[in-house]
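As a plain string of letters, each chain reads:
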Amino acid sequence: MKDLTGAVDEGRALLYLRPSVQQEDLGGVISENGWQVDVACDINHANQLLESNCYRVGLVHVDGLRPQQIPDAEQLFATRDNIAWVALAHAEALQQGQLCRLIHENFVDYFTLPIHSGVQGLISTLGHAYGMACLRQHSHHDISYNDYEMVGTSPAMRKLFVSIRRVAGVDAPVLVTGESGTGKELIARAVHERSPQRKGPFIAVNCGALPDNLINSELFGYEKGAFTGANQRKIGWIEAAEGGSLFLDEIGDLPLGLQVNLLRFLQEGTIQRVGGTESIRVNARVIAATHVNLAQAVEHGRFRQDLFYRLNVLNLNSPPLRERVQDIEVLARFFFNKFKGDAGRTIRGFTRRSLVAMNNHQWPGNVREMINRVRRALVMCEGRRINPVDLGLEHVEDEALVLTLEQIRERAEERAIRAALVRNTNNVSQTARELGVSRVTLYRLLNKYDLVADS
Ligand SMILES: Nc1ncnc2c1ncn2[C@@H]1O[C@H](COP(=O)(O)OP(=O)(O)OP(=O)(O)O)[C@@H](O)[C@H]1O
Ligand SMILES: [Mg+2]
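Values in this document were obtained by computation on a predicted structure and should not be read as measured data. (Residues numbered from 1 in each chain as written. Chains lettered and ligands numbered in written order. Predicted model: local features only at pLDDT ≥ 70, side-chain atom pairs only at ≥ 80, totals over all residues. Heavy atoms only, no water.)

Draft legend 1. Spotlight on the domain arrangement of the protein chain. The domain boundaries assigned to the protein chain delineate domain 1 (4–145), domain 2 (155–318), domain 3 (321–402) and domain 4 (405–448). The distance between the C-alpha centroids of domain 3 and domain 4 comes to 29 Å. Taken together, the seven residues of domain 3 in the interface contact six residues of domain 4. With both chains or domains summed, domain 3 and domain 4 bury close to 550 Å², and 31% of this area falls on carbon and sulfur atoms. Contact with domain 4 buries surface across domain 3, with Arg-322, Glu-323 and Gln-362 losing the most and accounting together for 59% of the total. For the interface between domain 3 and domain 4, the tally reads zero salt bridges. Where domain 3 meets domain 4, there are zero residue pairs in polar contact (both at pLDDT 80 or more). Looking at the side of domain 3 that touches domain 4, the elements that each hand over two or more residues are α15 (352–360) and α17 (394–402). In terms of residue class, the side of domain 3 that touches domain 4 is made up of two nonpolar, three polar and two charged. (Domains from an automatic or database assignment. Contact = heavy atoms within 4.5 Å. Buried area = accessible area lost by both parts, 1.4 Å probe. Salt bridge = Lys/Arg side-chain N within 4 Å of Asp/Glu carboxyl O. Polar contact = N/O pair within 3.5 Å; in protein donor to acceptor, adjacent residues only side chain to side chain. Helix = DSSP H or I, 4+ residues; strand = E, 2+ residues; numbered from the N terminus. Nonpolar A, V, L, I, M, F, W, Y, C, P; charged D, E, K, R; others polar.)

Listed below in structure tokens is the structure:
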């Protein structure tokens, strides 16, 4: 446990955004209660103060903001999410949808004006906000030191987090499936870190990266003299994973001839080194990953069915980014914060147009593509915030701007069909059933959007 009370003494600096002088001035009473208050008269001024000061709490008269200032304000609150924002508003302003949304999405609390007798209430709210900001800072701190942090708030990711925990405690192989760049390796590490084997090693082996003749000796090790050049005994990756987890990445690429050796290990828990006769017992949790459809590979005779069944006891699917649009912004901000040091100067975040473009993009390269685009943008960005052009997404934004309602409907329809096809492994009958349309209708739509499925 961190001692948060110690952190409280670092200085209670508070940014007070009061866009109109007609608004009740609370700066005096707040500073009398132990806060150092800096008053900003508009958003630009607030940004300037934020550049050179460290605030944990921000207090804002939100109903003093003009409608045209709201997008900039939103940008400010969202990119400064290390600050706990508290809103002040008159009761009638809280009837406006736009302000309510602004408060709900960006603020930890709000206070109704006029304040009159409620000053002590406000002071205690600011104290709580300060505590929340400290907690948040400590949790962010942990993220920045952990490269294997998984980020996501979409229902699909929440479900995945629950499944990871559930699967981690069970002593059986896990198969992680999903498109490239969706985070399969991260999932494998997350399983390991939550498993009883977490104190042991995590050995990652890319089954597609080594030539066939090497992979066997790398996986199983060899005895001295097993082949020319085997001058001494070598322990293979499977043995190296003793007491921990063995991550077999791209298992679909494992040559057919070698699959039987792996099957033996999964069935019996023992291996033989190349050139050896001794059976060596190895206790290692097996986690495999693949971006290919293994069931299909089995059908085509490229993957052993018995091995597939052995590996596929517990399955975790890593959903593509386009199927969890809610995570796009969260991930973009996460990588922005992670890599913003690369920029060499202060960049404040994304413009609203960038967020729109990212939301409209299809992300064929998934999270890996997101990382590349954000890192590139941090280097290319000439302004204070990242624009679509920095992300290489200017065309996406243009597309988004000229879409008619009909086109938007079509895009949504196409996206839904694509996603359903993936979920139903391209099977037309199942996809049609899930989407609640007839097969005939689905065929017409597949034709319309130039999509292919298995009949
Ligand atoms: N939910 C997430 N939160 C944070 N980072 C993520 C998330 N998902 C993926 N990443 C990051 O994206 C990159 C790609 O993830 P990973 O290597 O696990 O994907 P993969 O599915 O194994 O991809 P490939 O098929 O290309 O090997 C990594 O740098 C990983 O840390
Ligand atoms: Mg991978």
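From this point, the narrative continues.
Draft legend 2. Fine view of helix α18 (residues 405–423). With 19 residues, α18 extends 27 Å from end C-alpha to end C-alpha; this agrees with the ideal 27 Å at 1.5 Å per step. Within the sequence span of α18, burial applies to Ile-417, Ala-419, Ala-420 and Leu-421. Where α18 is buried, its residues touch α19 (428–435) and α20 (439–448). Thr-425 sits one or two positions beyond α18 and adopts a positive phi of about 40°. (Expected span 1.5 Å × (residues − 1). Buried < 20%, exposed > 50% of the residue type's maximum accessible area, 1.4 Å probe, protein only.)

Draft legend 3. Just the sheet that holds strand β5 (residues 109–113), in detail. Read across the sheet, five strands follow the order β2-β1-β3-β4-β5 without closing on themselves; strand pairing throughout is parallel. Where the open sheet ends on each side, the last strands, each with one partner, are β2 (36–40) and β5. Averaged over all pairs of adjacent strands, the angle between strand axes in this sheet comes to 20°, irrespective of strand direction. Judged from the four bridges that link them, strand β1 (residues 13–17) and strand β3 (residues 57–61) form a sheet pairing that is parallel. Each bridged residue has a counterpart across the sheet, and for Leu-15 the counterpart in β3 is Gly-58. Helix α3 (residues 43–52) contacts β1 and β2 of the sheet and is inclined by roughly 140° relative to β2. (Pairing = 2+ DSSP bridges. Axes fitted to C-alpha atoms, helices over the stretch in contact; angles between N-to-C directions.)

Draft legend 4. Region of the structure containing the site of ligand 1. Neighbouring ligand 1 are 19 residues, the closest being Val-151, Gly-181, Gly-183, Lys-184 and Arg-368. The contact in question runs from an oxygen atom of ligand 1 to an N or O atom on the backbone of Gly-183, over 3.0 Å. Here ligand 1 has 630 Å² of accessible area as a free molecule, and 85% of this is covered by the chains. Mapped by element, the contributors of at least two residues to the shell around ligand 1 are α8 (184–193), α14 (326–339) and α16 (366–380). Broken down by class, the residue content of the shell around ligand 1 amounts to nine nonpolar, four polar and six charged. Mapped onto the domain boundaries, the shell around ligand 1 takes at least three residues apiece from domain 2 (155–318) and domain 3 (321–402). (Near = heavy atom within 4 Å. Areas by Shrake-Rupley, 256 points an atom, 1.4 Å probe, with all protein chains shown as cover.)

Draft legend 5. Molecular detail of the sheet that holds strand β11 (residues 285–290). Strand order in the open sheet made by the five strands is β7-β8-β11-β6-β12, with parallel pairing throughout. Of all the strands in the sheet, the pair left with one neighbour each is β7 (202–206) and β12 (314–318). The sheet shows a mean angle of 20° between the axes of neighbouring strands, direction not considered. Bridge count for strand β6 (residues 174–178) against β12 is five bridges, and the pairing is parallel. Bridging from a neighbouring strand, Val-176 pairs with Leu-316 of β12. Sitting on the sheet, α8 is in contact with β6, β7, β8 (245–249), β11 and β12, with an inclination near 165° to β11.

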